[in-house]
Amino acid sequence: MRPFKYSTSSDARSATQLLEVNPNAQFLAGGTNILDLMKEDVERPDELVDITRLSLTGVQTITTGTNKGGVSIGSLRTNTETASHPLIRQQFPLLSQAILAGASQQIRNMATNGGNLNQRTRCPYFYEVSMPCNKRAPGSGCGAFQGINRMHAIFGWSEKCIAVHPSDMCVALAALDAVVKVRNVAGQERVISFTDYHRLPGNTPEKDNTLNHGELVTAIEIPPNPFAARSYYLKVRDRASYAFALVSVAAALQTEGTAIKQARIALGGVAHKPWRATEAEQFLAGKPATEDSFRQAAELAMKGAKPFEHNAYKVELGKRAIVHALMKTV
Amino acid sequence: MMQEETGQPDLSADEQKLLEELLSEDINGLSPLGEQRRNFLKQVAAAGAAILVSQLAGESLFAHTAGEEAFVPPPAADPATAVQVAFKVNTAGRSLTVDPRMTLLDSLREKLGLTGTKKGCDHGQCGACTVIVDGRRVLSCLTLAVTCEGKSVTTIEGLAKGGTLHPMQAAFIKHDGFQCGYCTPGQICSAVALMAEAKRGEPSYVTADLRANPGPVQLSDDEIRERMSGNLCRCGAYPNILSAIREVHRGKETAQSWQFISPDQTAE
Ligand SMILES: Cc1cc2nc3c(=O)[nH]c(=O)nc-3n(C[C@H](O)[C@H](O)[C@H](O)COP(=O)(O)OP(=O)(O)OC[C@H]3O[C@@H](n4cnc5c(N)ncnc54)[C@H](O)[C@@H]3O)c2cc1C
Ligand code: SF4
Ligand code: FES
Ligand code: FES
């Protein structure tokens, strides 16, 4: 690992200031992603600003504004404490389940919500510094495009990058219409809708999301919704646990009698960002909550898929996973 | 090779010289670990130094041709970036000067001589380095030592009370929850923390109803498997690890699945 300076910060202002004056500084939260990448020489900050002592750890009911009745989750709350929190378990069990599907208990105990949002891709070419990778070294090419691309995207990719976002938590947050709150060094706050937080690679795959250098994620807000009784997070992976998703599905339904009132479907492991299947969601509104409806919705969700040499299996797997996840909700 | 109980092993002059070099104050004075390393090497010497020395001789020969020292001590912290940190390890207060790059794992092993905690992958993928920090199991390979200021770390060395093993340690032995033992300290620390997580009512991915009132969780075998999935065992001792954890969790003695070879089998 390259040498770096270790700095501490006690509040959001001092933390953002330290990044403002040093373009090569990065925040250190749980460290489970950034330290791994620094050991691999992929990330090369010359300063780490420890933000774990910031007080952004609350999980509480929102009492005013557009998300009133929903829940606000501090960016520095750990993944474990978020998934175990009674408010989250009661109102957004989909989020608890998605968090618990990720990594291991040890890692979830360390990982923070803000760090989870900002974790980087697990594309093996990104990790291997002797390989070309536009995300790590812009302009060097994409090793995966014609290489081993079994784990890669089938939606929204560009010729510059076909990586997927690895988070499980984020797939649930996309389905739940969450928003991300960030603040800059001047103390100004931005509220970004979750589906706009992460971006597609386009011509600048080095940028995973819309956060600017020095901006700090302070909280995630989830508006109230009627899905708590009918939601499921399904994760399909190479082994039963402790592996990244090949495909994952966050599914949620609101029903009236036997009919579907509204549906939410987000997919993980298929794109550079959590992928909302909005067409399939719209199709399901008003339909009976049956396997047959779910199959048709799954076809729609996978309609525009563009797979590569080694990941064509994700199209059929994705359809089946959607049907399976929706069946679990009824 | 058998050795006299107390006597020094027979060494050739070259081997004797190499051993002395290895045990020299220069090398051992470099870290607070020195004293322990020397004692360790002396014990090893009494047990079979000739083997060790011949191996090391090979290594040092190789190293010398490559123009390097046989033993490379951990790099000293650069005074410009070195950081002071104080935390508790197994109830004793420790104060260290570390390079910011040093992980908790390396500081335990290389600075404090607590080599019970193992380095498997160094990338968060195996769980061998699991320790308990402020009551929660974490990976010491992805924890920087500097971030532990004021925290309380429990390692495998801190689980036994006096001469009495922690119930989880005793259960691992009884149920033969290991073969090579490399993953075992991590497995045991993980399992000890798991007992507290179940008491606190923390759910897992296989918990049936997340909306049910959180209360202490009764762990099924599937729950134990899922919650221990962050600790890999290359020897595949999983069934016996599961038995050990199940016994401690239920607080009820259960018979182990292995048995000693019978006289009949020996005769065969
Ligand atoms: C072996 C292994 C398996 C894993 N498996 C899974 C899995 O199956 N599913 C899954 O979803 N994840 C998985 N993970 C990833 C894990 O969830 C992430 O590493 C973790 O969530 C990152 O959080 P952290 O707090 O440790 O972030 P850090 O490593 O501290 O930071 C990550 C990045 O986020 C930035 N950052 C952190 N906090 C903020 C903030 N508040 N504002 C702005 N920027 C911030 C940092 O500067 C850094 O760039 C796995 C990780 C490992 C090591
Ligand atoms: S897919 Fe993206 S991350 Fe992977 S090699 Fe190509 S550019 Fe790099
Ligand atoms: S050594 Fe830490 S997880 Fe493998
Ligand atoms: S006992 Fe050998 S790795 Fe687990």
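Predicted model, so just to flag it, every value in this text is computed and none were measured.

Each value, and the rule that gives it
Residues numbered from 1 in each chain as written. Chains lettered and ligands numbered in written order. Predicted model: local features only at pLDDT ≥ 70, side-chain atom pairs only at ≥ 80, totals over all residues. Heavy atoms only, no water. Helix = DSSP H or I, 4+ residues; strand = E, 2+ residues; numbered from the N terminus. Buried < 20%, exposed > 50% of the residue type's maximum accessible area, 1.4 Å probe, protein only. Contact = heavy atoms within 4.5 Å. Areas by Shrake-Rupley, 256 points an atom, 1.4 Å probe, with all protein chains shown as cover. Phe/Tyr/Trp six-rings, centres within 6.5 Å; stacked < 30°, edge-to-face > 60°. Lys NZ or Arg CZ within 6 Å of the ring centre and 35° of its normal. Pairing = 2+ DSSP bridges. Right-handed = clockwise from strand over helix to strand, strands pointing away. Salt bridge = Lys/Arg side-chain N within 4 Å of Asp/Glu carboxyl O. Near = heavy atom within 4 Å. Nonpolar A, V, L, I, M, F, W, Y, C, P; charged D, E, K, R; others polar. pLDDT = per-residue confidence, 0-100. Polar contact = N/O pair within 3.5 Å; in protein donor to acceptor, adjacent residues only side chain to side chain. Expected span 1.5 Å × (residues − 1). Axes fitted to C-alpha atoms, helices over the stretch in contact; angles between N-to-C directions.

**Student:** How should I be thinking about the overall build of chain B in this particular structure?
**Tutor:** When helices and strands are counted, chain B shows nine helices and five strands. In sequence order, the secondary structure elements of chain B are arranged as α-α-α-β-β-α-β-β-β-α-α-α-α-α. By residue count, 44% of the 268 residues in chain B fall in the buried class. Partitioning the intrachain contacts of chain B with sequence separation of at least 6 by distance along the chain shows that 56% fall at a separation of at least 24. Surface summary for chain B: the accessible area is close to 14,500 Å², and the carbon and sulfur share equals 54%.

**Student:** Would you mind going over the packing of aromatic side chains with me for this structure?
**Tutor:** When we look at a pair of aromatic rings, we describe it by the centre distance and by the angle of the planes. Taken as a whole and judged by the stated rule, the model has six aromatic pairs over all chains. Between A:W157 and A:F308 the ring centres are 4.6 Å apart and the planes differ by 55 degrees, which places this aromatic pair in the tilted class. Pair noted here: A:W157 is in the loop between α8 (124-127) and α9 (169-175) and A:F308 is in the loop between α12 (291-302) and α13 (313-329), with a separation of 151 residues, a long-range link. Classification of A:W157 as partly exposed rests on a relative accessible area of 25%. Geometrically, the ring pair formed by B:W258 and B:F260 is edge-to-face, given 5.1 Å between the ring centres and 90 degrees between the ring planes. Residue classification places B:F260 among the exposed residues on the basis of a relative accessible area of 70%. Members of the aromatic cluster, joined through ring pairs, are A:F145, A:W157 and A:F308. One Lys or Arg, A:R237, reaches over the ring of B:Y205 and ends 5.4 Å from the middle of that ring. The residue whose ring lies beneath A:K287 is A:F283, and the NZ or CZ to ring-centre distance is 4.2 Å.

**Student:** Whenever I open this one, the pairing of strand β2 (residues 25-28) of chain A confuses me. Can you help?
**Tutor:** Strand residues, when the strand is regular, have side chains that alternate between the two faces of the sheet. Residue and element names in this part refer to chain A. Here β2 runs beside strand β3 (residues 47-50); their pairing, made up of four bridges, is parallel. Along β3, the bridge assignment pairs A25 with E47. Handedness of the β-α-β unit built from β2, helix α2 (residues 34-39) and β3 comes out right-handed.

**Student:** How should the pattern of salt bridges be read in this particular structure?
**Tutor:** The full count for this structure, using the stated rule, is 32 salt bridges over all chains. Between A:R276 and A:D177 there is a salt bridge, and its shortest N-O distance comes to 2.9 Å. One end of the pair, A:R276, is in strand β12 (residues 275-276); the other, A:D177, is in the loop between α9 and β6 (179-183), and 99 residues separate them in sequence. A:D177 sits in the partly exposed class, given a relative accessible area of 33%. A salt bridge links A:K181 to A:E189; its shortest N-O distance comes to 3.8 Å. Taken together, the salt bridges that share partners define one network made up of A:K39, B:D106, B:K119 and B:D122.

**Student:** Sorry if this is basic, but what is going on with the site of ligand 2 here?
**Tutor:** Neighbouring residues of ligand 2: 15 residues in total, closest A:C123, A:C133, A:C142, A:C161 and A:I162. Looking at side-chain class alone, the shell around ligand 2 contains 10 nonpolar, three polar and two charged residues.

**Student:** Would you mind going over the confidence of the model for chain B with me for this structure?
**Tutor:** The predicted coordinates ought not to be read in detail in places where the model reports low pLDDT. Residues and elements named next belong to chain B. Averaged over every residue, the pLDDT of chain B is 81; residues scoring 70 or more account for 71%. Under a pLDDT of 50 for its full length, residues 1-9 has, in the predicted model, eight contacts with residues more than four places off or in other chains. Within the model, the stretch residues 22-71 combines pLDDT values under 50 with 48 contacts to residues more than four positions away or in other chains. Note on the complex model: pTM 0.89, ipTM 0.97.

**Student:** Looking at this structure, I do not really get the site of ligand 1. What am I missing?
**Tutor:** Residues in contact with ligand 1 amount to 36 residues; listed here are only the nearest, A:F27, A:G31, A:T32, A:T112 and A:D168. Neighbouring residues of ligand 1 are distributed over chains A and B. Contacts to ligand 1 include A:G30, whose backbone N or O atom sits 2.8 Å from an oxygen atom. A distance of 3.5 Å separates a nitrogen atom of ligand 1 from a polar atom in the side chain of A:Q119. For ligand 1, whose unbound accessible area comes to 990 Å², protein coverage reaches 96%. Among the secondary structure elements, those contributing two or more residues to the shell around ligand 1 are β2, α7 (113-117) and β8 (216-222) of chain A. Looking at the shell around ligand 1 residue by residue, the class counts come to 15 nonpolar, 17 polar and four charged.

**Student:** Please explain unusual backbone geometry as it appears in this structure.
**Tutor:** Outside of glycine, negative phi angles account for most residues, and trans bonds account for most peptide bonds. Here A:D177, not a glycine, exhibits a phi torsion of approximately 55 degrees, which is positive. For B:D134, which is not glycine, the phi torsion reads 45 degrees and is therefore positive. Within the fold, B:D134 resides in the loop between β3 (130-133) and β4 (136-139). Of the residues examined, B:D134 reaches a relative accessible area of 47% and is grouped as partly exposed.

**Student:** What is the right way to read the environment of A:G202 from this model?
**Tutor:** Residues and elements named next belong to chain A. When you line up the elements, G202 lands in the loop between α10 (194-197) and β8. Look at G202 and you get partly exposed, because its relative accessible area is 31%. It is 12 Å that separates the C-alpha atoms of G202 and F155, two residues lying 47 residues apart in sequence. Each residue touching G202, except ones within four places of it in the same chain, is listed here: S158 and K160.

**Student:** Mind showing me how you'd approach the side chain of B:T117 here?
**Tutor:** Position of B:T117 among the secondary structure elements: in the loop between α4 (104-111) and β3. Discounting residues that sit within four places of it in the chain, B:T117 has contacts with B:L105, B:L108, B:R109, B:C129, B:V131, B:S140, B:T155, B:I156 and B:E157.

**Student:** Help me understand helix α6 (residues 184-200) of chain B in this model?
**Tutor:** An α-helical turn contains 3.6 residues, so a residue and the one three or four places further along point in the same direction. Residues and elements named next belong to chain B. Between its first and last C-alpha, α6 extends 24 Å over 17 residues, near the 24 Å set by a 1.5 Å rise per residue. Burial of α6 is extensive: 14 of the 17 residues sit out of reach of the surface. Residue G201 follows α6 closely and has a positive phi angle near 80 degrees.

**Student:** I tried to follow the sheet that holds strand β5 (residues 152-154) of chain B on my own but got confused; where do I start?
**Tutor:** Either a parallel or an antiparallel arrangement is found when strands of a sheet pair, and the pairing is made through backbone hydrogen bonds. Residues and elements named next belong to chain B. Judged by pairing direction, the sheet is mixed, and its five strands sit side by side in the order β2-β1-β5-β3-β4 without closing on themselves. Edge strands, defined here as strands with exactly one partner in the open sheet, are β2 (92-98) and β4. With direction set aside, neighbouring strand axes in the sheet form an average angle of 40 degrees. Here α4 sits on the sheet and contacts β1 (83-89), β2, β3 and β5; the angle it forms with β2, its principal contact strand, is near 105 degrees. Contacts from α6 reach β3 and β4 within the one sheet, and its direction differs from that of β3 by about 40 degrees.

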